[in-house]
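Architecture at a glance
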Amino acid sequence: MQITQVKTLLEKYNQEHLLKYYEELSEGEKAGLLDQIADIDFSVLELIKDKDIEQKRGHIEPIEVCTIEEIEAHKERFFEMGMDAIKAGKVGAVLLAGGQGTRLGADKPKGIYNIGIEKPLYIFEMIMKNLMDVVSLAGVYIPLFVMTSEKNHEDTVAFFEEKNYFGYDRAYVHFFKQAMAVATDYEGKIYLEDKGKVATSPNGNGGWFTSFMKAGLLEPARKQGMQWLNVFAVDNVLQKIADPYFVGAVIDSGMVSGAKVVAKAEPKEKVGAICLEDGKPSIVEYYELSDEMAYQKTETGRLAYNYGVILNYLFDIDTLERITKESMQLHVVEKKIPYINDEGVIIKPEEVNGYKFELLVLDMVHMMDNCLPYEVERNKEFAPIKNKTGIDSVESARELLRLNGIEVV
Ligand code: UTP
């Protein structure tokens, strides 16, 4: 696009400030900036206006959950079915590591974060160890797809190389980059992150399957007979990956997806609870639950909305492919966004200062025809690291690791 066309485009969307430093740029940088502007999806800016309008929800009802007791009663069968699928190469794992971990405040990818005290213990190291546990049992490697973003791809790959893939066979590890979206201030003005660079951020964890396909990974996976993808977050250091019991339970149920869930610590805990919405699986946020719903009980005396999701899902690949034809909702989220100010100084804000636009993996759950919520013990499988201290932090994860016999020294 030529500069005149770009100017017209920016005028239309009230974003002329993106050319503030244009004249200071080299010829190459100028062309680069024009290309970036031409690629911007300005329609996302419309979402800011409507961000406070409450999303209309469908009819919310409790969903049936495969509880710890039920799992215990059928565990041999689940294990066998899950193991058979893993051994036959039907299961792949997808590590969502494209996020920026702004709450943790590290510049590097979250997986590189060292949670050890004297002796290093990296988040990626724990993930690979957990995956290796299943590989050792199954006697086959499980293909691992690692989603990164433009912001952390090189660092992530270099780290895996440096650590020799933590003993995993590198032929089974595939990296792919997720797409990016612009970031704006509170008035909807797109930030510049440098004089010649529009501020962008990863477009949320819900875009993973589209990015997976775009990277050309679907075809080979299918050829190898893969049918299931276990998608999980980078920051839960206790989670089981490609857990044969979970895989077996979902296959046994005949459903097209499964979600690991934990019982809430208390009825009003601030977690999204799995439910049915208009007869389809869904997640109801804690602030959307009325008091009546939060304390509602089922016939068996359990809380009706008792199970929080922990971002560990199993999806049937055929169904994933089908739902890519449907559009997903982009969410407007407040984040800390580094930017260049009017004086040409790069600012790394301490507080949230604007909006990013994200697709969320939990929206995919509602696009599935059905989903098996699979209960796991919180203290054994849920140690998320979102913050440095306090709730869901490095400190709380260390405690939980120790509780499970893993040395953190
Ligand atoms: P979070 O929602 O915790 O986001 O991600 P985050 O970016 O890691 O951290 P904050 O909110 O900035 O502090 C949950 C999971 O989704 C992945 C993350 O890497 C993490 O595994 N994710 C998130 C992506 O892969 N891409 C994204 O764009 C966002």
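Everything below is about the structure shown above.
Residues numbered from 1 in each chain as written. Predicted model: local features only at pLDDT ≥ 70, side-chain atom pairs only at ≥ 80, totals over all residues. Heavy atoms only, no water.

**Points about the site of the ligand**
For the ligand, the set of nearby residues contains 20 residues, the closest of which are Leu96, Thr102, Gln178, Lys335 and Lys386. In the model, an oxygen atom of the ligand is placed 2.6 Å from a nitrogen or oxygen of the Leu96 main chain. One nitrogen or oxygen atom from the main chain of Arg103 is found 2.8 Å from an oxygen atom belonging to the ligand. Taking 560 Å² as the accessible area of the ligand by itself, protein coverage stands at 92%. (Near = heavy atom within 4 Å. Polar contact = N/O pair within 3.5 Å; in protein donor to acceptor, adjacent residues only side chain to side chain. Areas by Shrake-Rupley, 256 points an atom, 1.4 Å probe, with all protein chains shown as cover.)

**Describing empty space enclosed by the protein**
For the structure shown, the criterion picks out 1 cavity of 30 Å³ or more. Taken as a whole, the largest cavity encloses approximately 30 Å³ of empty space. Gln100, Gly101, Leu104, Ala106, Lys108, Pro109, Lys110 and Tyr113 together form the lining of the largest cavity. Among the residues forming the lining of the largest cavity, the class breakdown is 4 nonpolar, 2 polar and 2 charged. (1 Å grid on protein atoms, 1.4 Å probe; cavity = no way out; pocket = protein on both sides within 12 Å on 5 of 7 lines; lining within 4 Å. Points joined across faces, edges and corners; volume = space filled by probe spheres on them. Nonpolar A, V, L, I, M, F, W, Y, C, P; charged D, E, K, R; others polar.)

**A word on the packing of aromatic side chains**
With the rule as written, the count across this model stands at 23 aromatic pairs. Residues Phe124 and Phe159 carry aromatic rings whose centres are separated by 6.2 Å and whose planes lie at 40 degrees to one another, so their mutual orientation is tilted. Note that Phe124 is positioned in helix α5 (residues 123–138) and Phe159 in helix α6 (residues 153–162), a separation of 35 residues in sequence. On the accessibility criterion, Phe124 (1% relative accessible area) is buried. Geometrically, the ring pair formed by Phe124 and Phe160 is tilted, given 4.9 Å between the ring centres and 55 degrees between the ring planes. Of this pair, Phe124 sits in helix α5 while Phe160 sits in helix α6, and the two are 36 residues apart along the sequence. Residue class for Phe160 comes out buried when judged on its relative accessible area of 0%. A cation over a ring is seen here: Lys20 above Tyr21, with NZ or CZ 5.5 Å from the ring centre. Above the plane of the ring of Tyr22 lies Lys30, whose end atom (NZ or CZ) is 5.3 Å from the centre. (Phe/Tyr/Trp six-rings, centres within 6.5 Å; stacked < 30°, edge-to-face > 60°. Helix = DSSP H or I, 4+ residues; strand = E, 2+ residues; numbered from the N terminus. Buried < 20%, exposed > 50% of the residue type's maximum accessible area, 1.4 Å probe, protein only. Lys NZ or Arg CZ within 6 Å of the ring centre and 35° of its normal.)

**Some details on the environment of Tyr305**
Within the secondary structure, Tyr305 is located in the loop between α10 (291–295) and β13 (307–316). Here Tyr305 falls in the buried class, since its relative accessible area comes to 2%. With 33 residues separating them in the primary sequence, Tyr305 and Gly272 have C-alpha atoms 9.2 Å apart. Dropping the residues within four chain positions of it, Tyr305 is found in contact with Ile60, Glu61, Pro62, Lys264, Ala273, Ile274, Cys275, Val284, Leu289, Met293 and Gln296. There is a polar contact of 3.4 Å between the side chain of Tyr305 and the backbone oxygen of Ile60. (Contact = heavy atoms within 4.5 Å.)

**Here's the deal with the layout of surface pockets**
A volume near 880 Å³ is recorded for the second largest pocket. If you go around the second largest pocket, you meet 32 residues; those closest to its centre are Ala179, Met180, Ala181, Asn203 and Lys214. Among the elements that line the lining of the second largest pocket, the one with the most residues is helix α7 (residues 208–214), at 4 residues. Its residues assigned to classes, the lining of the second largest pocket shows 15 nonpolar, 10 polar and 7 charged.

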